[in-house]
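Structural overview
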Amino acid sequence: MPPQRSAGILLFRQPDGETEVLLIRPGGPYWRNKDAGAWMIPKGMIEHGEAPAEAALREFAEETGTPLQSIPFALATVRQAGGKIVEAFAVEGDLDPACIVSNEFQQEWPPRSGRLERFPEVAEARWMSLAEARAMMLPSQLPLIDALEARLKG
């Protein structure tokens, strides 16, 4: 069975010439008490017949409540620890993390209870410097920071 494919957006801005990236901490009970190593780009599954860049833009809008108007550029592809392939794109832009409105998912919680609970896909979003992002990001997505830095220097 081929690995799952996802696509996501690394939103960045450059206030005062310093690059910052917008990362999210996922919602739900698994991520509730995690911080360092738990932050990531907004991303999700590529639907059948959907181009990766279209999926990335759709997922960003679903997870943040903010549709992007800019055209993303291809950044890098990474394989996460569980085997999922993530095609990442980057877009320069800005948004207020306090205004994030995430979609929700249902999950049986507590496990084996038979009760379905609703959780936001995104618990929190935050602008981070590249150094902070390297300290807080999901390890398998760290190459995305390197790829953005290289792209902006080149």
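The structure displayed is predicted, hence computed values, not measured ones. (Residues numbered from 1 in each chain as written. Predicted model: local features only at pLDDT ≥ 70, side-chain atom pairs only at ≥ 80, totals over all residues. Heavy atoms only, no water.)

Looking now at the layout of surface pockets. Within this model, the largest pocket holds a volume of roughly 510 Å³. Mapped onto the lining of the largest pocket, the elements with two or more residues apiece are strand 2 (20–26) and strand 3 (43–45). When residues in the lining of the largest pocket are grouped by element, the largest group, three residues, is from strand 3. (1 Å grid on protein atoms, 1.4 Å probe; cavity = no way out; pocket = protein on both sides within 12 Å on 5 of 7 lines; lining within 4 Å. Points joined across faces, edges and corners; volume = space filled by probe spheres on them. Helix = DSSP H or I, 4+ residues; strand = E, 2+ residues; numbered from the N terminus.)

All right, on to the pattern of salt bridges then. Under the criterion given, the structure shown has 14 salt bridges. The partner of Glu-87 in a salt bridge is Arg-5, with the nearest N and O atoms 2.4 Å apart. In this pair, Glu-87 sits in strand 5 (residues 85–92) while Arg-5 sits in strand 1 (residues 5–13), placing the two residues 82 residues apart along the sequence. Judged by its relative accessible area of 18%, Glu-87 is buried. (Salt bridge = Lys/Arg side-chain N within 4 Å of Asp/Glu carboxyl O. Buried < 20%, exposed > 50% of the residue type's maximum accessible area, 1.4 Å probe, protein only.)

Moving on, we come to the nonpolar core. Core analysis: the biggest nonpolar cluster contains 21 residues, and Leu-10, Val-21, Leu-23, Ile-41, Leu-75 and Leu-148 have the highest contact counts within it. Of all the secondary structure elements, the ones that give two or more residues to this core are strand 1, strand 2, strand 4 (73–79), strand 5, helix 2 (130–136) and helix 3 (142–153). Core analysis: the second largest hydrophobic core is formed by 20 residues, Ala-7, Ala-38, Ile-100 and Ala-125 among them. (Core = buried A, V, L, I, M, F, W, Y, C linked by side-chain atoms within 4.5 Å.)

Cis rather than trans, the peptide bond between Trp-109 and Pro-110 has omega equal to -10°. Phi at Asp-16 is positive, roughly 55°, even though this residue is not glycine. Following the sequence through the fold, Asp-16 ends up in the loop between strand 1 and strand 2. The class for Asp-16 is exposed, based on a relative accessible area of 80%. Phi at Arg-112 takes a positive value of approximately 60°, unusual for a residue other than glycine. Structurally, Arg-112 is set in the loop between strand 6 (104–108) and strand 7 (116–120). Judged by its relative accessible area of 77%, Arg-112 falls in the exposed class.

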